[in-house]
Amino acid sequence: MSEAGGRPPKAPAHPRIGLVLGSGGARGLAHIVVLETLDRLGIRPVEIAGTSIGAILGAAYAAGVTGAELRAHVLKDYRDRAEVMTRLFQTRVGRIADIWRAGFGNPVLVDGIGILERFLPRALPQRFEDLGIPLAVVAADYHRLERVVFDRGPLLPAVAASMAIPGLVRPVAFDNRVMVDGGAVDPLPVRAITAEVDLIIAIDVSRAAARDEGAAIPGGVATGFRVFDLMQAALADAHAGDHARPIRRLKGPVEGFNALDFFAAKRILAASESLAGAVESAIRLPLPG
């Protein structure tokens, strides 16, 4: 229908965007550049879907924390290594005695909700319904071996479940399930976007190039994290084409950074600045139709 005077209705200034923030540990700090870019362009996503670090930053952003605030907070937070380690110790749920318990317990296991309370710039709302932008969070059901998507109800346990890296963050008992890191089942949760959108922008930070050290055998912890990286990269590739809507999959330029390189926050953000132009280009490209 035309407007008064026979003029056609104005097209929206920007497409309706669904934003997908993938998992990848510290590499996911690259998401902050994307959030800053959306803020600068005046674009508000219709819905955000996140896994692990993507769920953490997505929840903060959906709660009203700007990309610039997240950058300032991260750079300030990870400037003092001793302070970070103190706060991590405060979230520890394992004990040294756990080493000798049946099952070889982990004495450095930390609590996900404690991490969220101590490392975000402000407290998250209690429920998904209190967020300013709809959010979907992906976790993995430990016993049922299946993907779980949360988009309503209590927020903190859902995000804590999504970030429960096996062997590092305690699994979360929630909603009659035991859950671990969503990166184990869906590191780039394109399918979790259910709102009507014109375009999905998916930020993939799942892979990192390993240094070639010849035939040197890596340690157990390094091997575990590297295998998790390999699994996430394969899943991200497999799931990225599992959709019918237009999608721009942007790979964060975070090669060379590992999942726990949070003290390299400044370098990760600097390496990721090219994502700003990539996001702008993705939005400007004509949509298939």
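Scroll up to find the structure this text is about.
These figures come from a predicted structure and were not determined experimentally. By convention here, each chain's residues receive numbers from 1 onward along its written sequence. Local features in this predicted model are restricted to residues of pLDDT 70 or higher, and side-chain atom pairs are both shown and tallied only at a pLDDT of 80 or more, whereas totals for entire chains, interfaces and linings draw on every residue. Each side-chain value is derived from all of the structure's non-hydrogen atoms; neither hydrogens nor water enter the calculation.

Draft legend 1. View of the layout of surface pockets. Lining residues are those with an atom within 4 Å of a point, where the points come from a 1 Å grid over the protein atoms alone and group into cavities, where a 1.4 Å probe fits but cannot get out, or pockets, open sets with protein on both sides within 12 Å along at least five of seven lines. Grid points are joined across faces, edges and corners, and a volume is the space filled by probe spheres set on the points. When its volume is computed, the largest pocket comes out at roughly 790 Å³. Lining the largest pocket are 30 residues, with Tyr78, Leu88, Ile115, Leu168 and Phe262 sitting closest to its centre. The set of elements that each furnish at least two residues to the lining of the largest pocket consists of α2 (53–62), α3 (67–77), α4 (81–90) and α5 (112–119). Residue classes follow a fixed rule: Ala, Val, Leu, Ile, Met, Phe, Trp, Tyr, Cys and Pro count as nonpolar, while Asp, Glu, Lys and Arg count as charged, and any other residue, Gly among them, counts as polar. Residue composition of the lining of the largest pocket, grouped by class: 25 nonpolar, three polar and two charged. Think of it this way: any DSSP run of H or I at least four residues long counts as a helix, any run of E at least two long counts as a strand, and we number them from the N terminus.

Draft legend 2. Region of the structure containing the side chain of aspartate 204. Inspection of the secondary structure puts aspartate 204 in strand β7 (residues 199–204). Side-chain polar atoms of aspartate 204 contact the side chain of serine 206, separated by 2.7 Å. Side-chain atoms alone can form a polar contact between residues adjacent in sequence; in general such a contact is a pair of N or O atoms within 3.5 Å, and within protein one must be able to donate a hydrogen while the other accepts it.

Draft legend 3. Focus on the environment of proline 125. Considering the arrangement of structural elements, one finds proline 125 in the loop between α5 and β3 (135–141). Between buried and exposed lies partly exposed: a residue is buried under 20% and exposed over 50% of the maximum accessible area for its type, with that area taken using a 1.4 Å probe on protein chains only. A relative accessible area of 19% means that proline 125 is categorised as buried. Residues are treated as being in contact if the distance between any of their heavy atoms lies within 4.5 Å. Here proline 125 is in contact with Ala63, Asp130, Leu131, Leu155 and Leu156, once residues within four sequence places are set aside.

Draft legend 4. Structural context of the packing of helix α1 (residues 31–41) against α3. With axes taken as lines fitted to C-alpha atoms, and helix axes fitted only over the stretch in contact, angles between N-to-C directions fall between 0 and 180 degrees. α3 packs onto α1 with a crossing angle of 145° between their chain directions and a minimal axis gap of 7 Å. Seen from α1, the contacting residues are Ile32, Val33, Leu35, Glu36 and Asp39; seen from α3, they are Gly67, Ala68, Leu70, Arg71 and Val74. For the contact of α1 with α3, the per-class residue count stands at six nonpolar, one polar and three charged.

Draft legend 5. Local environment of the nonpolar core. Of all hydrophobic cores here, the largest spans 67 residues; its most connected members are Leu19, Ile201 and Ile203. Here this core takes eight residues from α2, the largest share from any one element. For the purposes of this section, nonpolar cores are sets of buried Ala, Val, Leu, Ile, Met, Phe, Trp, Tyr and Cys residues that join through side-chain atoms within 4.5 Å. Ranked by size, the runner-up nonpolar core spans twelve residues in total, among them Ala49, Ala136, Val138 and Ile200.

Draft legend 6. Examining the environment of alanine 158 more closely. With respect to the helices, strands and loops of the structure, alanine 158 is situated in helix α6 (residues 156–162). We classify alanine 158 as buried; its relative accessible area is 0%. The spacing of alanine 158 and valine 148 is ten residues in sequence and 9.6 Å in space, taken between C-alpha atoms.

Draft legend 7. Looking closely at the packing of aromatic side chains. Only the six-membered ring of Trp is used, alongside the rings of Phe and Tyr, when aromatic pairs are assigned; centres must lie within 6.5 Å, and planes under 30 degrees apart are stacked while those over 60 apart are edge-to-face, with the rest tilted. All told, the structure shown has four aromatic pairs when counted by the stated rule. On the basis of an interplanar angle of 85° and a centroid distance of 5.9 Å, the ring pair of tyrosine 78 and phenylalanine 263 is categorised as edge-to-face. Placement of the pair is tyrosine 78 in the loop between α3 and α4 and phenylalanine 263 in the loop between β8 (247–251) and α8 (265–271), with a sequence separation of 185 residues. Assessed through its relative accessible area of 30%, phenylalanine 263 is described here as partly exposed. When the ring of phenylalanine 150 is compared with that of phenylalanine 174, the centres are 5.2 Å apart and the planes differ by 40°; the resulting orientation is tilted. Linking phenylalanine 150 in strand β4 (residues 146–150) with phenylalanine 174 in strand β5 (residues 172–174), this pair joins segments that are 24 residues apart in sequence.

Draft legend 8. Expanded view of the pairing of β7. Burial analysis of β7 places six of its six residues in the buried class, the great majority of the element. Side chains Leu199, Ile201 and Ile203 of β7 all project onto a buried face; the interleaved residues Ile200, Ala202 and Asp204 project onto the opposite face, where all are buried too. For strand β1 (residues 17–21) and β7, the ladder comprises five bridges, and the chain directions are parallel. What sits directly across from leucine 21, in β7, is isoleucine 203. Two strands qualify as a pair provided DSSP detects at least 2 bridges between them. One ladder, built from five bridges, connects β7 with β8; its direction is parallel. Bridged to isoleucine 201 within β8 is arginine 248.

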